[in-house]
Amino acid sequence: MAYGKELAAAIKAASLAARLCRKVQKALLQSDVRSKHGRNKSPVTVADYGSQALVSFVLQQEFPGEFSLVAEEDSNDLRKDGGGEIVERITKLVNESLTSDGSYGVSLSSEDVLKAIDSGKSEGGSQGRHWVLDPIDGTKGFVRGDQYAVALALLDRGNVVLGVLACPNLPLTSISVAHPHSPNNEVGCLFFAEVGRGTYMQLLDGSSTVKVQVSAVENPEEASFFESYESAHSMHDLSSLIAQKLGVKAAPIRMDSQVKYGALSRGDGAIYLRFPRNGYREKIWDHAAGSIVVTGNTYLS
Ligand SMILES: Nc1ncnc2c1ncn2[C@@H]1O[C@H](COP(=O)(O)O)[C@@H](O)[C@H]1OP(=O)(O)O
Ligand SMILES: [Mg+2]
Ligand SMILES: [Mg+2]
Ligand SMILES: [Mg+2]
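Residues numbered from 1 in each chain as written. Chains lettered and ligands numbered in written order. Predicted model: local features only at pLDDT ≥ 70, side-chain atom pairs only at ≥ 80, totals over all residues. Heavy atoms only, no water.

Trainee: Residue-level account of the UniProt feature "binding site: Mg(2+)" (unreviewed entry) in the protein chain, with values.
Mentor: Taking the UniProt record as the reference, the feature "binding site: Mg(2+)" (unreviewed entry) is found at Glu72, Asp134, Ile136, Asp137 and Asp286. A maximum C-alpha distance of 9.8 Å is found for the annotated residues, which run over 215 residues; spatially they form one tight group. For Ile136, the position within the fold is in strand β4 (residues 129-137). Dropping the residues within four chain positions of it, Ile136 is found in contact with Cys21, Thr45, Ala47, Asp48, Glu72, Phe142, Tyr148 and Ala149. (UniProt positions renumbered as here; feature names shortened; annotations may be inferred. Helix = DSSP H or I, 4+ residues; strand = E, 2+ residues; numbered from the N terminus. Contact = heavy atoms within 4.5 Å.)

The structure is reproduced here in structure tokens:
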């Protein structure tokens, strides 16, 4: 495998981060949510920071020396007055996750954690290799108790060559229009794809790996489509108009985050419609991992 070592490290990093996120989501308190950028009120939680610190730390351990990470969060708000307590909580969470895994016999200081978060400041680019991370994609879904993903990808000379999407709340079996949230369904999937090697899904503990395929449906009348849960992120009236013009009959399945790409990659639905509002700029970490998970079987070698 051309990127076998990188893929194994990415799966490990994303799985550890997903475990941390699960724990925080379970115990979520309003005080865990900090408002980032007052203007757009995008929420950030201790889990967003903890996830980024963990992934950054694991990748740097696995690839010392040659490391570039483009990631969503930074430590600016945490370093402000009053941030100390939250940094301590993040540090504790990160250390608990590392201890539970057992592979790294270290305990990080608060400063180590802040530095790990800030290693995600690379500008990326079309030369060399760059990791791309959204530590929690769909923070709004995470805070609501719904869907979110840890999304990690690797760019090599400007191309996405591997992607991992950990989706702690996605049911293992298909979510369709008929049963979007079946109550007894076990949850927690991880999708991974490497260029030329196809897309696979496994449980978050690494077991039960299966190859997945996108939907074979070609007739829009039989297709169902995904869109954002948040109408502020994607114009629902526009997607409904387009779905109608395409002849799609099913109601939209609304879900947060790149979990939509995971669900698409295993054929739960056939179409993803996304129309961000005027002025919003999409970021590479919001699509890099999801895009290769969906297209992973396209150019099999
Ligand atoms: N105003 C916005 N328009 C579109 N996407 C947004 C907006 N604000 C945040 N996002 C990002 O949209 C993605 C989730 O959107 P959706 O659930 O609609 O697919 C996330 O990547 C989220 O970032 P974040 O990683 O901070 O959650
Ligand atoms: Mg965000
Ligand atoms: Mg995102
Ligand atoms: Mg995010």
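After presenting the structure, the write-up continues.
Trainee: Account for the site of ligand 1, naming residues and giving values.
Mentor: The environment of ligand 1 is made up of 16 residues, and the closest members are Asp137, Ser228, Ser257, Lys260 and Asp286. Contact distances for ligand 1 include 3.1 Å between an oxygen atom and a side-chain N or O atom of Glu72. Interatomic distance of 2.4 Å between a side-chain N/O atom of Asp286 and an oxygen atom of ligand 1. Its free accessible area being 550 Å², ligand 1 has 87% of it covered by the protein chains. Here the shell around ligand 1 gets three residues from one element, more than from any other, and that element is β4. (Near = heavy atom within 4 Å. Polar contact = N/O pair within 3.5 Å; in protein donor to acceptor, adjacent residues only side chain to side chain. Areas by Shrake-Rupley, 256 points an atom, 1.4 Å probe, with all protein chains shown as cover.)

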